[in-house]
Amino acid sequence: MFFEALSAVRDIGRLHDLASILIRYGFGDVVRRMGLVDLLARAGRVLHWKYAQEQPYLGPPERVRRAMEEMGPTFIKFGQILATRVDLFPPEWIEEFEKLQDRVPPLPFKAIRKQLEEDLGLPVKEVFKYFEENPLAGASIAQVHRACLQDGTEVVVKIRRPAIRKTIDADLRLLERLAKIAESEFAEMHHYRPRDVIHQFTQSLYRELDLAAECRNAERMAAYFDDDPNIVIPNVYWEWVSERVNIQQYIDGFNGRDFTLLEQAGLDRKILAATGTQAVLKMVLVAGLFHADPHPGNIIYLPNNRIAFLDFGMVGRLSEFRRHQVVNLLHAMVEQDSNSVADVLLEWGGEKLIDAETLATDVETLIYTYHGVPLKRLNITDILSDLATLLRDHHLSLPPDLTMLFKALITLEGMGRQLDPDFDLASEAAPYLKQVILDRYKPEVLIKKSRRNVVELIDLFSGLPRDLRRLIKAMRSGVLRINIDITQVEQFGQQVDNAASRLTVGLITASLIIGSSIVMTVTGGPTIMGLPALGLLGFSAAAIGGVWVLLSILKGSGTKNS
């Protein structure tokens, strides 16, 4: 129940703010079913809180989006993560989540100067030749200022907002608790796996809070493009980098939103589209580390048709095994191989019970929709959107490390078509995918893989006698255990535990009543208002126990009715 989950009383004020926003946007029933109403009502009587009126006339997606905007930076970031979950939410929800903009008024420089100088270890004027106090951009986590180091190097200084970590910690604690409650109280939420989504979001947000991690990502990415003169990654000045501040090279170029300026500068939009696509495909398929938010504000176009990627705070990571799956899926879709597509989706389904025949039929239908369409007219965005719909229909969800990839590919194709109306992501990807597949079967790669498999096989067989001995010993001693994770059994156990607690308190209460009645008949000893003190204390304790049992029963019946 919520009262057990809400162990941190320090979050009660923040909880009230969030609940009042939900109620204002017509989600009062959600607040009630989560067991928040009584708790907040009691706190509200003490603290004189008031709730605003509901606004139920907006559509559900828009109400959720507006509520998230009012809830603050953590929930804006959360909505942006949800915008990548095309496998969980239909297009109308994704469209609303994409409207969440991480733009907030920047703080005045005097509000962040002290923290900046603490992180630099020196006064600002000793580190920088000049420092522009008016920021270039402001967001919920950090803001960016332009500056110049003492040696004349033009840089940008990214500064994390003071005390933002404390607010985010509180929000994440509440989100984690609410996710657990949602899974237990709302049967329809199981498909969305809220705890897994919150876990993914927490990891992503904490990485984004660490501004030094952004610099490490940038340097890893720069290493992969060290031999490519067409891709530029800003240099990092590590002597001034910490968790709350980073300093990177200032890159002056053309913003991707103004295509007129690109043409006036003599840049070729077709070449830019192809160069950017090849760079992202290399990030995904070779590096396994890719820019997860390649929108126009994070891409700068430079003379000679070069491209600079900025802001590696949000990146996606793919293991070698996952990259192989992605290559297999994309190649199968481009080659219209429905069986291979179904095989990958079944692997992603994990241990879920899936009707393989129905899935294969639906995949065949999906592939047939695009059968015969020339590669140049094939729209990867439409294919991925249809694939996401198929996943939702079969109650499948993408592995968390793939959600950002799907979103990045969709964003990439959209930007490519803006640069070049004839842009074709499928045509750009096809030779790249084939080359990656061929690279898997190079002699040196096969030798390396075979060597690793032989080592693992030797380790398996060498450890087999020891494992069998332990298994037989466990069976003989009767300590062999088989763990079965069944949610309903856990809930039944909680109900039994609650019933046992009520019974115990009830027996103690009855014993106190009987014992106190006997004590009241005994003369002598301390008295209160002429009555035996021990008897009065016993009756008082019995009254408290009785009220607790009554409230516990009422709360339990109220939960069942809801």
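Trainee: Could you clarify how one ought to interpret the overall build of the protein in this entry?
Mentor: The number of helices and strands found in the protein is 23 helices and 13 strands. The long-range fraction of contacts in the protein, counting pairs at least 24 apart against all pairs at least 6 apart in sequence, stands at 69%. Approximately 30,600 Å² of the protein is accessible, and the part contributed by carbon and sulfur atoms is 57%.

Trainee: In this structure, what is going on with the pairing of strand β9 (residues 299-302)? I would like to understand it.
Mentor: Side-chain positions along a regular strand alternate between the two faces of the sheet. Side chains Ile299 and Tyr301 of β9 all project onto a buried face; the interleaved residues Ile300 and Leu302 project onto the opposite face, where all are buried too. Note that strand β7 (residues 254-255) and β9 share two bridges and pair antiparallel. The partner of Asn255 across the bridge, within β9, is Ile300. Two strands pair when backbone bridges link them, and β9 and strand β10 (residues 306-309) are joined in this way by four bridges, in the antiparallel orientation. The partner of Ile300 across the bridge, within β10, is Ala308. Linking β9 back to β10 in an antiparallel pair, the connection comprises three residues, with Asn304 at a positive phi of about 65 degrees.

Trainee: I would appreciate a short explanation of a nonpolar patch on the surface in the present structure.
Mentor: A grouping of Leu457, Leu460, Phe461, Leu464, Leu468, Leu471, Ile472 and Met475 is seen on the molecular surface, where their side chains present a nonpolar patch of about 770 Å² in accessible area. Positionally, Met475 belongs in helix α21 (residues 443-477).

Trainee: Would you take a moment to explain helix α5 (residues 60-71) for this structure?
Mentor: Because each turn of an α-helix spans 3.6 residues, side chains separated by three or four positions in sequence point in the same direction. In this model, α5 (12 residues) spans 16 Å end to end at C-alpha, consistent with the 16 Å of a helix rising 1.5 Å per residue. Every buried residue belonging to α5 is among Pro61, Arg63, Val64, Arg65, Ala67, Met68 and Met71, and all of these are buried. Among the residues trailing α5, Gly72 stands out with phi positive, at a value near 110 degrees.

Trainee: Mind showing me how you'd approach the environment of Arg220 here?
Mentor: Note on placement: Arg220 falls in helix α12 (residues 211-224). Classification of Arg220 as partly exposed rests on a relative accessible area of 43%. Here the alpha-carbon distance between Arg220 and Ala287, two residues 67 residues apart in the chain, equals 8.8 Å.

Trainee: Just to check I follow, could you spell out the sheet that holds β10 for this structure?
Mentor: Within a beta sheet, neighbouring strands are joined by backbone hydrogen bonds and run either parallel or antiparallel to one another. Strand order in the open sheet formed by four strands is β5-β10-β9-β7, and the pairing between neighbours is mixed. On the outer flanks of this sheet lie β5 (231-232) and β7, each paired with one strand and no other.

Trainee: I would appreciate a short explanation of the side chain of Glu208 in the present structure.
Mentor: Here Glu208 is to be found in helix α11 (residues 194-209). In terms of polar contacts, Glu208 uses its side chain to reach the side chain of Lys77, at 2.6 Å.

Trainee: Help me understand helix α19 (residues 400-419) in this model?
Mentor: Its 20 residues place the ends of α19 30 Å apart at the C-alpha level, agreeing with the 28 Å of an ideal helix rising 1.5 Å per residue. Judged by how many residues are buried, α19 sits mostly within the fold: 14 of 20 residues are covered.

Trainee: Which parts of the structure should I look at to understand the confidence of the model for the protein?
Mentor: Detailed conclusions should not be drawn from predicted coordinates in areas where pLDDT is low. Summarising the model, the protein shows a mean pLDDT of 76, and 77% of its residues fall at 70 or more. Across residues 1-8, where pLDDT falls below 50, the model places 20 contacts with residues more than four positions away in sequence or in other chains. Segment residues 36-56 is flagged for pLDDT under 50; beyond a separation of four residues in sequence, or across chains, it makes 39 contacts in the model.

Trainee: How do you make sense of the packing of aromatic side chains when you look at a structure like this?
Mentor: When we look at a pair of aromatic rings, we describe it by the centre distance and by the angle of the planes. Summed over the entire model, instances satisfying the criterion amount to four aromatic pairs. Here the aromatic rings of Phe78 and Phe201 are separated by 5.0 Å at their centres, their planes lie at 50 degrees, and the arrangement is tilted. Here Phe78, found in helix α6 (residues 73-82), pairs with Phe201, found in helix α11; they are 123 residues apart in sequence, far enough to count as distant. Classification of Phe78 by relative accessible area gives buried; the value is 10%. Ring centres 6.1 Å apart and planes at 45 degrees place the aromatic pair Trp93 and Phe97 in the tilted group. Taken together, the positions of Trp93 and Phe97, both in helix α7 (residues 91-97) and four residues apart, correspond to about one turn of that helix. Residue classification places Trp93 among the partly exposed positions, given a relative accessible area of 21%. Among the aromatic side chains, those forming a connected cluster through ring pairs are Phe109, Phe128 and Phe131.

Trainee: Help me out: how do you make sense of the nonpolar core in this one?
Mentor: General note: in soluble globular proteins, nonpolar side chains tend to be found buried as a group. In this structure, Phe290, Tyr301, Phe309 and Leu345 are the most contacted members of the largest nonpolar core, which totals 103 residues. If you tally residues by element for this core, the top one is α19, at 10 residues. Residues in contact with Phe290, not counting those within four places in the same chain, are Met221, Met283, Val284, Val315, Gly316, Arg317, Leu318, Met404, Leu405 and Ala408. In terms of nonpolar packing, the next biggest core, distinct from the first, is built from 17 residues, Phe109, Leu116, Phe128 and Trp240 among them.

Trainee: How do you make sense of the pattern of salt bridges when you look at a structure like this?
Mentor: Any two side chains of opposite charge can pair if their charged atoms end up close together. Evaluation of the coordinates by the stated rule reveals 20 salt bridges. Residue Glu118 pairs with Arg244 through a salt bridge whose shortest N-O separation is 3.5 Å. With a gap of 126 residues between them, Glu118 in helix α8 (residues 109-120) and Arg244 in the loop between β5 and β6 (245-249) connect regions that are remote in the sequence. With a relative accessible area of 24%, Arg244 lands in the partly exposed category. The salt bridge involving Glu243 is made with Arg160; its shortest N-O contact spans 3.2 Å. Here the residue Glu243 occupies a position in the loop between β5 and β6, and Arg160 occupies one in strand β4 (residues 154-160), the gap between them amounting to 83 residues. Accessibility expressed as a relative area gives 37% for Glu243, which makes it partly exposed. Several salt bridges share partner residues, and in doing so they unite Arg65, Glu69, Glu96 and Lys99 into one network.

About the criteria used
Residues numbered from 1 in each chain as written. Predicted model: local features only at pLDDT ≥ 70, side-chain atom pairs only at ≥ 80, totals over all residues. Heavy atoms only, no water. Helix = DSSP H or I, 4+ residues; strand = E, 2+ residues; numbered from the N terminus. Contact = heavy atoms within 4.5 Å. Areas by Shrake-Rupley, 256 points an atom, 1.4 Å probe, with all protein chains shown as cover. Buried < 20%, exposed > 50% of the residue type's maximum accessible area, 1.4 Å probe, protein only. Pairing = 2+ DSSP bridges. Patch = residues over 30% accessible without salt bridge, like charges linked within 9 Å, V, L, I, M, F, W, Y side chains within 5 Å. Salt bridge = Lys/Arg side-chain N within 4 Å of Asp/Glu carboxyl O. Expected span 1.5 Å × (residues − 1). Polar contact = N/O pair within 3.5 Å; in protein donor to acceptor, adjacent residues only side chain to side chain. pLDDT = per-residue confidence, 0-100. Phe/Tyr/Trp six-rings, centres within 6.5 Å; stacked < 30°, edge-to-face > 60°. Core = buried A, V, L, I, M, F, W, Y, C linked by side-chain atoms within 4.5 Å.

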